[in-house]
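# Chain and residue survey
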There are 2 protein chains.
Amino acid sequence: MLDLWFTEKWSENTRFSIKVKEHLYSEETPFQKIDFFTSNEYGRFFTLDGMIMITEKDEFIYHEMITHVPMCTNLNIKRVLVIGGGDGGTVRELTRYSTIEKIDMVEIDERVVRLSQKFLPFTADKLEDKRVTLYYQDGLKFVEDCPSEMYDLILVDSTDPISVGEGLFTTEFYKNCYRVLKNDGILVNQHESPYYERYSQEMKKAHNKIKKIFPIAKVYQFHQPTYASGHWLFGFASKKYNPTLDCKIEEWNKLNIQTRYYNTDIQRATFALPNYVKTQLEEK
Amino acid sequence: MLDLWFTEKWSENTRFSIKVKEHLYSEETPFQKIDFFTSNEYGRFFTLDGMIMITEKDEFIYHEMITHVPMCTNLNIKRVLVIGGGDGGTVRELTRYSTIEKIDMVEIDERVVRLSQKFLPFTADKLEDKRVTLYYQDGLKFVEDCPSEMYDLILVDSTDPISVGEGLFTTEFYKNCYRVLKNDGILVNQHESPYYERYSQEMKKAHNKIKKIFPIAKVYQFHQPTYASGHWLFGFASKKYNPTLDCKIEEWNKLNIQTRYYNTDIQRATFALPNYVKTQLEEK
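Everything quoted here is computed from the prediction, not taken from an experiment.

## Section: the overall build of chain A
- Across its full length, chain A carries 10 helices and 13 strands.
- Taking 284 residues into account, the globule formula puts the C-alpha radius of gyration at 19 Å, and chain A, at 18 Å, falls close to it.
- Taken over the C-alpha atoms alone, chain A extends approximately 55 × 45 × 40 Å along its principal axes.
- Burial analysis of chain A (284 residues in total) assigns 65% to the buried set.
- Expressed as a percentage of contacts within chain A between residues at least 6 apart in sequence, the contacts between residues at least 24 apart total 68%.

Structure below.
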């Protein structure tokens, strides 16, 4: 029996390891190294530069939480920009809203999309939806070149800022997001984690930048067991809507969207952060 | 340089490893194997039968969440029974309430207490509080022999049911807890985790037993990164009080207890469970 383990260093002193059934595929692109695996417990999973992006077992958590929290806040969202998200899971959740008219997805690395379509049909199968347009560009450049007030919602489904996702954690990027959002627009972004130093530094930096640009800047949390510490965050920044006060609980429930993690009790609860996280977010 | 790693199997296919600076002490008692370690990232930590019980880095999360959620629900709690909890962290949090008059702690293994007093002063230092009485007995036997309606609150700070904690997950035990609680009593118990099969089975079994005995039986969640999956649960069972409706938010905040994880926003939010967890808890 092959005893093969994938290991990710969650910190210098912490390792998380998954038993692998088969290393399906490996490719080095101009941007990063992409690997696909199968495992008994997590199903298929893929990594970028050795970091787990999604596993079949728990990708639903991340993709539901990045999508339904802003959608429940404003059910009139029609035009959405997804930056990153090459595996397609975020787009899949968005396509569940018949009211959304246009989804532009900007992924820097076309190979992530193509390989996800091959190896991860459970996330990628809605990338062919007729409302979706794919752009293989740098997200930073895309929002720079984009006309103002084009979108109701921007979802930044990026890697960590230590790799190809770095530009998506800059003030310049957040300012352009603000500009290309309509006057009631919402930005949700991958916001790292409070527990390990390396991630919490990035969490603090991102929040400090965003709160200077958007009148409403909050952070919400969820349990993502295959990410470092299992305690992960999204940022919620908005020009107008408050996600806990303006959310449309009854109307969202009437849509009858079947979810496995998200529900409208979580809509408000997810913004209740532990004191040690709040303290970090308030630091300059 | 010594390259020493402690590894816990979170499931058959998942390993979590911490770099160890020094293996401080090891002892085999009639009940279990106890080990103490130091590490750069987690400070001191200890294991029972190879499972992490607490680390200096994040024990505050577990101990605050087991204590302050029921205390905020009923600020008139005067007599408390702690079952397990040999490291002393739960008692430490209880002693922060001047209104609590009596704390009985029942730990089956005296060596856990004695060694925690030696190696873990940060959790054990309130075991000498004059309100605390220590009993070195089986918790199951203790509640069986205990007169009725003795306590306002029972906190079951146990290991998993696969080891010495097994008796603390039985219907017989929960029924005796009900009996020894006053007519407005609350039971909070270590309730395992929803993510890995082995733990979720125990979570379901415990909840099915408790909800047949107590009129109010809920489950709440928190982020405990050094426990399997980082997604951990406590059960909240009660004869009278609902923790989200009857909680005393303003009064609790007036007590000015400084906490690092718990706050009164979390009091309600912690009970908002993901759909996949609710589904499991509703299964027979």
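Here the narrative resumes, following the displayed structure.
## Here's the deal with the packing of aromatic side chains
- Tallied over the entire structure, the rule returns 46 aromatic pairs over all chains.
- Ring centres 4.9 Å apart and planes at 15° place the aromatic pair B:F37 and B:F45 in the stacked group. We note that B:F37, like B:F45, is buried.
- Every member of this aromatic cluster is reached through a ring pair, and the members are A:Y62, A:Y199, A:Y220, A:F222, A:Y227, A:W232, A:F234, A:F236 and A:F271.

## Some thoughts on the packing of helix α6 (residues 171-180) of chain B against helix α7 (residues 197-213) of chain B
Residues and elements named next belong to chain B.
- The contact between α6 and α7 brings their axes to 10 Å, and the two run at 35°. Crossing of α6 over α7 shows right-handed handedness. Residues T171, Y174, K175 and Y178 of α6 pack against A206, K209, I210 and I213 of α7.
- Broken down by class, the residue content of the contact of α6 with α7 amounts to 5 nonpolar, 1 polar and 2 charged.

## Focus: the pattern of salt bridges
- A complete count under the given rule lists 28 salt bridges over all chains for this structure.
- A salt bridge links B:K19 to B:D3; its shortest N-O distance comes to 3.8 Å. One end of the pair, B:K19, is in strand β2 (residues 14-20); the other, B:D3, is in the segment before β1 (4-11), and 16 residues separate them in sequence.
- With relative accessibility at 54%, the residue B:D3 sits in the exposed group.
- Here B:D129 ties to B:R131 by a salt bridge, and the two come within 3.0 Å at their closest N and O atoms. Both residues of the pair, B:D129 and B:R131, belong to the buried class.
- What emerges from the salt-bridge pattern is a single network uniting A:E59, A:R92, A:E93 and A:R96.

## So, the UniProt feature "domain: PABS" (unreviewed entry) in chain A
- The UniProt record annotates "domain: PABS" (unreviewed entry) at residues 3-239 of chain A.
- The span residues 3-239 of chain A carries 29% helix and 37% strand; its end-to-end C-alpha distance comes to 52 Å.

## Here we look at the relation of the copies chain A and chain B
- Each copy superposes on the other: chain A lies on chain B with an RMSD of 0.0 Å after a rotation of 180° and an axial shift of 0.0 Å. Both chain copies can therefore be described as sitting about a two-fold axis. If distances are taken from each C-alpha of chain A to the rotation axis, the shortest is found for A:A269, at 2.1 Å.
- Looking at the interface residues of chain A, 98% of them are also at the interface in chain B, so both copies use one shared face.

## With respect to the sheet that holds strand β10 (residues 151-157) of chain A
Residues and elements named next belong to chain A.
- Strand order in the open sheet made by the 7 strands is β9-β8-β7-β10-β11-β13-β12, with mixed pairing throughout. Edge positions in the open sheet fall to β9 (132-135) and β12 (216-223), since each of these has one partner strand only. For this sheet, the mean angle separating the axes of adjacent strands, direction not counted, is 15°.
- Pairing analysis gives 4 bridges linking strand β8 (residues 102-106) to β9, with the strands arranged parallel. Residue pairing across strands places D104 opposite T133, the latter belonging to β9.
- Docked against the sheet, helix α6 (residues 171-180) engages β7 (79-84), β10 and β11 (181-190), running at close to 145° with respect to β11.

## A word on the UniProt feature "binding site: S-methyl-5'-thioadenosine" (unreviewed entry) in chain A
Residues and elements named next belong to chain A.
- Here the UniProt-annotated "binding site: S-methyl-5'-thioadenosine" (unreviewed entry) positions come out as Q32, E107, D138 and G139.
- One can find Q32 in the loop between β3 (22-28) and β4 (33-39).
- Not counting chain neighbours up to four residues away, the residues in contact with Q32 comprise E27, L48, D49, D109, V112 and V164.
- Relative to the helices and strands, E107 is located in the loop between β8 and α3 (110-119).
- On the basis of relative accessible area, E107 is assigned to the buried category, the value being 7%.
- Those residues in contact with E107, other than ones at most four positions away along the chain, are G84, G85, G86, V112, V113, Y135, Y136 and Q137.
- Here the side chain of E107 touches G86 through a polar contact of 3.0 Å, landing on its backbone nitrogen.

## A word on the side chain of B:T264
All names here are of chain B.
- Positionally, T264 belongs in helix α9 (residues 264-269).
- Since its relative accessible area comes to 10%, T264 is described here as buried.
- A distance of 2.9 Å separates the side chain of T264 from the side chain of N253, its partner in a polar contact.
- What T264 contacts, discounting residues up to four positions off in sequence, is C72, I249, W252 and N253.

Rules behind the numbers
Residues numbered from 1 in each chain as written. Chains lettered and ligands numbered in written order. Predicted model: local features only at pLDDT ≥ 70, side-chain atom pairs only at ≥ 80, totals over all residues. Heavy atoms only, no water. Helix = DSSP H or I, 4+ residues; strand = E, 2+ residues; numbered from the N terminus. Rg over C-alpha atoms; globule rule 2.2 N^0.38 Å. Buried < 20%, exposed > 50% of the residue type's maximum accessible area, 1.4 Å probe, protein only. Contact = heavy atoms within 4.5 Å. Phe/Tyr/Trp six-rings, centres within 6.5 Å; stacked < 30°, edge-to-face > 60°. Axes fitted to C-alpha atoms, helices over the stretch in contact; angles between N-to-C directions. Left-handed = near helix turned anticlockwise from the far one by under 90°. Nonpolar A, V, L, I, M, F, W, Y, C, P; charged D, E, K, R; others polar. Salt bridge = Lys/Arg side-chain N within 4 Å of Asp/Glu carboxyl O. UniProt positions renumbered as here; feature names shortened; annotations may be inferred. Least-squares fit on C-alpha atoms with pLDDT ≥ 70 in both. Pairing = 2+ DSSP bridges. Polar contact = N/O pair within 3.5 Å; in protein donor to acceptor, adjacent residues only side chain to side chain.

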